[in-house]
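# Analysis of the macromolecular model
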Amino acid sequence: MSLVRRATTGYAEEVLRLRQVMIDTLPGGDSSTHWHADSLPALRLKSADADVDFAAFVVDHPDRPGALAALVVGTVDHRIGKAGNPGGPAGYVFSVATDPGARRWGSPARGCSSVGEGTRACMDELLAWFRDQGVGQVMLTASAEAEPLYASLGFVHKPDPTMILKL
């Protein structure tokens with residue numbers, strides 16, 4: 001029995017809560033939550049439509065009914081093809097988070113020996129979903145703490161310098 005499932009609209013607030021947990025751990029992360037209310041309608045719409053370009057996979061919190069313990073979210077970006085990805089679709093993992101109160105828990109009755117395994121199971125589901133969407137490559141930004149998980153899934157560092165412009 002898998003504890004991983006695709007997130008539904010009823011968990012939109014929890015998805016945003018765990019996304020904020022991830023943001024709070026980033027260097028320079030903005031801990032404000034005023035944007036959550038503005039983000040809820042779009043998140044609910046994407047979750048309700050089973051949008052082909054957006055997917056969130058979750059694991060329930062073991063000790064808090066209605067709460068989530070682990071979250072993995074990704075999108076498909078449609079690009080012009082290139083060597084190694086001639087069809088063009090590229091996946092991007094943009095939120096991977098574990099509830100701080102659920103880290104390092106585990107028991108066979110819960111189906112996973114740790115939330116880390118739950119997070120890995122969520123990643124496995126997201127990668128399977130990407131394959132089903134015809135994605136030829138998947139990108140993400142890894143924290144030092146999460147890098148071993150991603151490496152074990154086959155992710156490697158890319159040498160190109162990434163830049164960003166906030167509009």
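These remarks concern the structure in this document. Predicted, not measured: the structure shown is a model, and the values here were computed from it.

## Quick look at the pattern of salt bridges
Under the counting rule described, the total for this entry stands at six salt bridges. In this structure, the salt-bridge partner of Glu-13 is Arg-44, at a minimum N-O distance of 2.3 Å. With Glu-13 in helix 1 (residues 12–25) and Arg-44 in helix 2 (residues 36–48), this pair connects stretches of sequence that are 31 residues apart. In this structure Arg-44 comes out as partly exposed when scored by relative accessible area, which is 32%.

## With respect to the sheet that holds strand 4 (residues 90–98)
Strand order across the open sheet formed by five strands is 1-2-3-4-5, with mixed pairing between neighbours. Whereas interior strands pair on both sides, the edge strands pair on one side only; in this sheet they are strand 1 (5–6) and strand 5 (137–140).

## Concerning helix 2
Over its 13 residues, helix 2 extends 18 Å from the first C-alpha to the last, a length consistent with the 18 Å expected when each residue adds 1.5 Å. The set of residues buried in helix 2 consists of His-36, Leu-40, Leu-43 and Ser-47. Note on helix 2: the residue one or two positions beyond its end, Ala-50, has a positive phi of about 45°.

## Comments concerning the nonpolar core
By size, the foremost hydrophobic cluster in this structure holds 21 residues, and its most contacted members are Val-93, Met-123, Leu-126, Phe-130 and Tyr-150. Those elements giving two or more residues to this core turn out to be strand 2 (54–60), strand 3 (68–77), strand 4, helix 3 (115–132) and helix 4 (147–152). Broken down by element, this core gets its largest block of residues, six residues, from helix 3. Those residues in contact with Val-93 that lie beyond four places of it in its chain are Val-72, Val-73, Gly-74, Met-123, Leu-126, Phe-130, Val-138, Met-139 and Leu-140. Core analysis: the second largest hydrophobic core is formed by 18 residues, Tyr-11, Phe-54, Leu-68 and Val-73 among them.

## What to know about the packing of aromatic side chains
Inspection of the entire model under this criterion finds three aromatic pairs. Relative to Phe-130, the ring of Trp-129 has its centre 5.4 Å away and its plane inclined at 50°; by these criteria the two rings are tilted. Residue classification places Phe-130 among the buried residues on the basis of a relative accessible area of 1%. Aromatic pair Tyr-150 and Phe-155: ring centres 5.9 Å apart, planes at 70°, arrangement edge-to-face. Relative accessible area serves as the criterion here: at 6%, Tyr-150 is assigned to the buried category. Using a relative accessible area of 18% as the deciding quantity, one classes Phe-155 as buried.

## Regarding the side chain of Thr-119
Counting through the fold element by element, Thr-119 comes out in helix 3. Judged by its relative accessible area of 5%, Thr-119 is buried. Polar contacts involving the side chain of Thr-119 include one to the side chain of Thr-98, which spans 3.1 Å. Setting aside anything within four residues of it in sequence, one finds Thr-119 in contact with Ala-70, Val-72, Val-96, Thr-98 and Leu-149.

Scoring rules and cut-offs
- Residues numbered from 1 in each chain as written.
- Predicted model: local features only at pLDDT ≥ 70, side-chain atom pairs only at ≥ 80, totals over all residues.
- Heavy atoms only, no water.
- Salt bridge = Lys/Arg side-chain N within 4 Å of Asp/Glu carboxyl O.
- Helix = DSSP H or I, 4+ residues; strand = E, 2+ residues; numbered from the N terminus.
- Buried < 20%, exposed > 50% of the residue type's maximum accessible area, 1.4 Å probe, protein only.
- Pairing = 2+ DSSP bridges.
- Expected span 1.5 Å × (residues − 1).
- Core = buried A, V, L, I, M, F, W, Y, C linked by side-chain atoms within 4.5 Å.
- Contact = heavy atoms within 4.5 Å.
- Phe/Tyr/Trp six-rings, centres within 6.5 Å; stacked < 30°, edge-to-face > 60°.
- Polar contact = N/O pair within 3.5 Å; in protein donor to acceptor, adjacent residues only side chain to side chain.

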